[in-house]
Structure formats: structure tokens, C-alpha cells
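# Structural overview for review
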Amino acid sequence: MNKLSITKIIKPAVILTALLSPLPAFAHAILVKSQPAKDETISQSPKQVDLWFNDAVRSEYKAVAVIDSAGKRVDNHDVAQGLTDGSHIYATVPNLAPGTYTIRYRVVSEDTHIVTGKFEFTIKP
Ligand SMILES: [Cu+2]
């Protein structure tokens, strides 16, 4: 077999291997979606706030807090993780008055990195 034909065979094999390789097992978590969404204005209180990450997060040390414009924490301190979707965490809230609220979160990624962030939403009937 000459050199050219070996290259012709090996190249597609390398590309195919790369395509079939699993994604890194330990991913860094990034918030990809929430309900309410960042800076969203909604007309009535949500029953809970939901956050979704790009990958499952660890079950330990997860935290979600909803804070009103006076700085008071108003969620029910009951953060939970989706039973079948480890990338989903949520916390319930009581019936919230109109106003602007901040959602703060902290999770531990599968890669062990701590990920924190915050964003706001507004309730305006
Ligand atoms: Cu990371």
C-alpha cells in the first residue's frame, strides 16, 4: 500500500473516532434556561422558580434563593433537584406581591467547580 492510500484510510477513521467519542464526563455547569427567565416581566406570582443547566449538577450544596427588592429572602427554602433531570433545580415560593425579585443560585458542577449567579424578574399585574 502506498503512502497516499494509507492517509486516505486513516483520516476518515480518526474523524469517525472523534465523532463517536463521548462528551467529557465531568462538565462545567452553565445556566441555560430559567422560569421566570432573566429580566422577564410576568403578570402573576410564579408557584416556583426553575433553573436548568447545560448538564446535571451535583445534588450536594445546591442553593436557590428568591430575594425581594428590600433584600428579604422570600422563597420557601426548599430547593430540590429534578428526579429524572439532574440539570434542573427549583424552589417554591409563596404568593409574591408585585415587584422586582432577584434569584440567586449556587451549584456544584460535575467537574467540582462551584457556579454562582443571579438574575432578576418582575411581577407586574
Ligand atoms: Cu468547571
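Higher on the page you've got the structure.
Now for a description of the structure that goes with this document. None of the values given here were measured: they were computed from a predicted structure.

Another aspect to go through is the overall build of the protein. Summing up its helical and strand segments, the protein has one helix and eight strands in all. Scanning the protein from its N terminus toward the C terminus, one meets helices and strands in the order α-β-β-β-β-β-β-β-β. Sorting the 125 residues of the protein into buried and exposed places 13% on the buried side. When contacts within the protein are restricted to residue pairs at least 6 apart in sequence, long-range pairs at least 24 apart make up 59% of them.

With that out of the way, let us pick up the environment of Thr102. Structurally, Thr102 can be placed in strand β7 (residues 99-108). In this structure the C-alpha to C-alpha distance between Thr102 and Gly71, which are 31 residues apart in sequence, comes to 8.8 Å. For Thr102, the contacting residues outside a window of four places in its chain are Ile67, Lys118 and Glu120.

Another point: the sheet that holds β7. Reading across from one edge, β2-β8-β7-β4 is the order of the four strands in this open sheet, with mixed pairing throughout. Edge positions in the sheet fall to β2 (40-42) and β4 (63-67), since each has one partner strand and no second. When the angles between neighbouring strand axes are averaged without regard to direction, this sheet yields 25 degrees. In terms of strand pairing, β7 meets strand β8 (residues 114-123) through 10 bridges, oriented antiparallel. The residue of β8 that forms the bridge with Gly99 is Ile123.

Let us now look at the nonpolar core. In this structure, Val49, Leu51, Val64, Ile103 and Val107 are the most contacted members of the largest nonpolar core, which totals 14 residues. Contributing elements (two or more residues each) for this core: β3 (48-53), β4, β6 (88-92) and β7. If you tally residues by element for this core, the top one is β7, at four residues. For Ile103, the contacting residues outside a window of four places in its chain are Val49, Val64, Val66, Lys118, Phe119 and Phe121.

Turning our attention to the sheet that holds β3. What the four strands build is an open sheet, ordered β1-β3-β6-β5; its pairing is antiparallel. Sheet topology places β1 (31-35) and β5 (80-81) at the edges, where each strand pairs with a single neighbour. Where β5 and β6 come together, two bridges link them in antiparallel fashion. Note that in β6 the partner of Ala80 across the bridge is Tyr90.

Okay, unusual backbone geometry next. Put simply, Gln35 and Pro36 share a cis peptide bond, and its omega is 0 degrees. Mapped onto the elements of the fold, Pro36 is located in the loop between β1 and β2. If you check the backbone angles, Tyr61 has positive phi at about 65 degrees while not being a glycine. As for its position among the elements, Tyr61 is in the loop between β3 and β4. Here Thr112, not a glycine, exhibits a phi torsion of approximately 80 degrees, which is positive. Tracing the backbone through its elements, the reader meets Thr112 in the loop between β7 and β8. Of the residues examined, Thr112 has 9 C-beta atoms within 10 Å and is grouped as exposed.

About the criteria used
Residues numbered from 1 in each chain as written. Predicted model: local features only at pLDDT ≥ 70, side-chain atom pairs only at ≥ 80, totals over all residues. Helix = DSSP H or I, 4+ residues; strand = E, 2+ residues; numbered from the N terminus. Buried ≥ 20, exposed ≤ 12 C-beta atoms within 10 Å, placed from the backbone. Contact = placed C-beta atoms within 7 Å. Pairing = 2+ DSSP bridges. Axes fitted to C-alpha atoms, helices over the stretch in contact; angles between N-to-C directions. Core = buried A, V, L, I, M, F, W, Y, C linked by C-beta atoms within 7 Å.

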